[in-house]
Each structure stands twice: as C-alpha cells, then as structure tokens.
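# Observations on the three-dimensional arrangement
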Amino acid sequence: MRTRRVLVTSALAAAFAVAPLGPATAEPFPAIIPIPTGSMPEGIATGTGTSIYAGSRADGSVWRGDLRTGQGGILVKGADGRMAVGMKVRGGLLFVSGGTFGDAYVYDATTGAEVTHLVLTNGPAFINDVTVTRDAAYFTNSMAAEVYAVELSAGVPTGTVRTIPLTGEWQQVAGFNANGIAATPDGSRLLVINSTTGILYTVDPRTGGAIAVDTGGADLTQGDGILLRGKTLYVVRNVSNVVVELAMSPDYLSATVVDELTDPDFDVPTTIAAQGSRLYVVNARFTAPPGPTTEHDIVKIDGE
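Quick summary incoming for the structure in this document. (Residues numbered from 1 in each chain as written. Predicted model: local features only at pLDDT ≥ 70, side-chain atom pairs only at ≥ 80, totals over all residues. Heavy atoms only, no water.)

## What to know about the environment of G73
Stated formally: A run of DSSP states H or I qualifies as a helix once it reaches four residues; a run of E qualifies as a strand once it reaches two. Both are numbered from the N-terminal end.
Inspection of the secondary structure assignment puts G73 in strand β5 (residues 72-76). Once the C-alpha coordinates of G73 and I35 are considered, the two residues, 38 residues apart in sequence, prove to be 8.4 Å apart.

## Thoughts on the sheet that holds strand β12 (residues 146-153)
Here is the rule: Strand pairing is assigned whenever DSSP identifies at least 2 bridges connecting the two strands. Axis definition: a line fitted to C-alpha atoms, limited for helices to the stretch in contact. Angles are taken between N-to-C directions and run from 0 to 180 degrees.
Here we have four strands laid out as an open sheet, ordered β10-β11-β12-β13, and antiparallel in their pairing. Whereas interior strands pair on both sides, the edge strands pair on one side only; in this sheet they are β10 (127-132) and β13 (156-165). Each strand axis lies, on average, 20 degrees off the axis of its neighbour in the sheet, ignoring direction.

## Structural notes on the layout of surface pockets
Which entries qualify depends on this criterion: A cavity, in this analysis, means grid points on a 1 Å lattice covering only the protein atoms where a 1.4 Å probe fits yet has no way out; a pocket is instead an open set bounded by protein on both sides within 12 Å along at least five of seven lines, and a residue lines either one if it has an atom within 4 Å of a point. Grid points are joined across faces, edges and corners, and a volume is the space filled by probe spheres set on the points. Gly is put with the polar residues, along with every residue not named as nonpolar or charged; the nonpolar set is Ala, Val, Leu, Ile, Met, Phe, Trp, Tyr, Cys and Pro, and the charged set is Asp, Glu, Lys and Arg.
In this structure, the largest pocket occupies an estimated 770 Å³ of space. The wall of the largest pocket is formed by 34 residues, among which R90, T131, V132, T133 and A183 lie closest to the centre. Tallied by class, the residues present in the lining of the largest pocket amount to 19 nonpolar, seven polar and eight charged.

## Side note on the sheet that holds strand β7 (residues 93-97)
A sheet is described by the order of its strands in space; here four strands give the open sequence β6-β7-β8-β9, paired in antiparallel fashion. Edge positions in the open sheet fall to β6 (87-90) and β9 (114-119), since each of these has one partner strand only. Averaged over all pairs of adjacent strands, the angle between their axes in this sheet comes to 15 degrees, without regard to strand direction. With four bridges joining them, β6 and β7 adopt antiparallel strand pairing. Within β7, the position partnered with K88 by the bridge is F95.

## Things to note about the packing of aromatic side chains
Short version of the rule: When the centres of two rings from Phe, Tyr and Trp lie within 6.5 Å, Trp using its six-membered ring, the rings pair. Their planes under 30 degrees apart give stacked, over 60 give edge-to-face, and anything left gives tilted. Burial status follows relative accessibility: with a 1.4 Å probe on protein chains alone, a residue under 20% of its type maximum counts as buried, one over 50% as exposed, and anything between as partly exposed.
Scanning all chains against the criterion turns up three aromatic pairs. Between Y105 and Y107 the ring centres are 5.9 Å apart and the planes differ by 5 degrees, which places this aromatic pair in the stacked class. Since its relative accessible area comes to 2%, Y107 is described here as buried. A centroid spacing of 5.1 Å and a plane angle of 45 degrees characterise the contact between F126 and F176, whose relative ring orientation is tilted. Of the two residues, F126 is situated in the loop between β9 and β10 and F176 in the loop between β14 (167-168) and β15 (178-183); the sequence distance between them amounts to 50 residues.

## Points about the side chain of E42
Along the polypeptide, E42 turns up in the loop between β1 (32-35) and β2 (44-46). Accessibility expressed as a relative area gives 4% for E42, which makes it buried.

## Side note on the pairing of strand β16 (residues 190-194)
Of all five residues in β16, five are buried, a share of seventy percent or more. Of the pairings in the sheet, the one linking β16 to strand β17 (residues 200-203) comprises four bridges and is antiparallel in character. Each bridged residue has a counterpart across the sheet, and for L191 the counterpart in β17 is T202. Between β16 and β17, which pair antiparallel in sequence order, lie five residues; one of them, G198, sits at a positive phi of approximately 75 degrees.

Structural data, given as structure tokens:
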C-alpha cells in the first residue's frame, strides 16, 4: 500500500530543524516519503542506519530523514548562492555537489555543521555528482570535460583539489555531459555516464583516460545518477522514468542489461540510493513548474 503524498513546506521544515515533521506513518519503510515542497531536489544519499539525505537546488539546504518512519527535517539550512545536487555519505561526512556555482561542500552528517567549502572551478560549471573513495572525493562537471579530485586524509578533505581532464574516448557534446559517477570498490576506476550521448565510461582517476563501456547498444540517454553494488550498476534515466539495471563484466569494460525498473510513482527521478536490499529514487519533477508549492518525494522502488 502506498502512502498519500503530504505537503511539507521548506519554511516549515526549516522551523523544525532536524526534529520529526508531521505524524509518523503507520507503515514501516513507507513507499513514498515526502520532502520539502519547492526544494527542487536532485540528489539523495543514504547514511548510517536508516538515515537518508536530500538536497535542494533552490537554496542548497539539506533535508535528513528516516527511511523507517518517513519523518525528517532540515539538517543544513539554505542560503543565497548555494545549490545541493549529487551527494554521498562516507565516514560520517556528507559530500555535496554545488551545481552552477562550481563548488562543493562537506558537512558533518549528524549535526549538519559545515566542515569545508571547496571551489572546484571558476569556469563553466554544473557540479553534478560525487563518489567517495578512501583517498579522494570525485566530482563531475556536466558543463566541462573535467572531474575534480578532492584529496582526503583519514577520510577528511585536505583542501587540495586536482582537476582531471577527461580524455581518451570521452565525447564532449552540446548540453549536459558528465553526470552520475561511481567508483569501483578498490577505487582504481571510475564509472561516469554522459547524459546526452548515453555513453557509459570507465575512467582512470589518475589520468582521466576514458574508455567507452560496451553496453550492447543499451539506451542510457538521459542517464543521471548511478549506483554500483558489486558488479550491478543502476542507471537512472530521468525523463524516461526508468532505472536500468546492468550486470558489469569483471573488468568493467562491458555490461549487459538485466532489467528496467519503473514505478507508477516515478516523476522524473534523478538519483538512486540503497539501504540494505531497498532501492530509493528522488523525484526531481523537471517537467513540473518549479515553485514553493511544487511537491517532491522519495520513492521506494516496488519489489525492493
């Protein structure tokens, strides 16, 4: 049974900070979790336990909720000149892509305190997604053929940013390019999807050399957030309202489509996150007029 969408305004969420919002749903792990209206979300991330985070492209605020109860509140307050796009949690820190401002933020995932603000580029930018390994956090830029590596020491950013040009077989075209990013378990390769061409690449994080993954002609256009679990890769095709499940080869140079996941509650999902065996997407609703009353939510994929 699906839970009715409930309006949660950004102002109300901010007023309650991280306190629970509204009545708890009777259904554990609800199928639909409302997040602040008007927040224009794009990125979500799961953290420890049943925690989940969603960012706002409108003001850079970050909402934190509980997947078990469906309740949540604002963890990081919004501000002018900020966006929160793709995000990841690792080692108690929340890494957040800064969109058109060419920057990134790192917050304490429990308190919301800002750990650091990083300027990644002063050029054309839409810092879109991030993946975190033991040694670095890697951010994509949809407006430039570059990935940015933020050096980590004991899991904490050192402040050193390295620009990695995307070379080799990478094709930079008009429109949005590098979008979702994931790292292999050992951090030796990055997987990056180009939204416009639909080409999935494996990228050497040391050199930026890119090799197109042989997906057997799979349609991955509108590819947005991606999630790698073992040798299974999930690619969210936003406007198509589909999540493509692929089985990756051991060397990550080829992949086969296993399934295409969809849900009647999908409304332009953009990113995907996992908690245990459950998969969740966030509805960015790019086709809906943005505004303070536009509803947004997180959807648990049926069957998960």
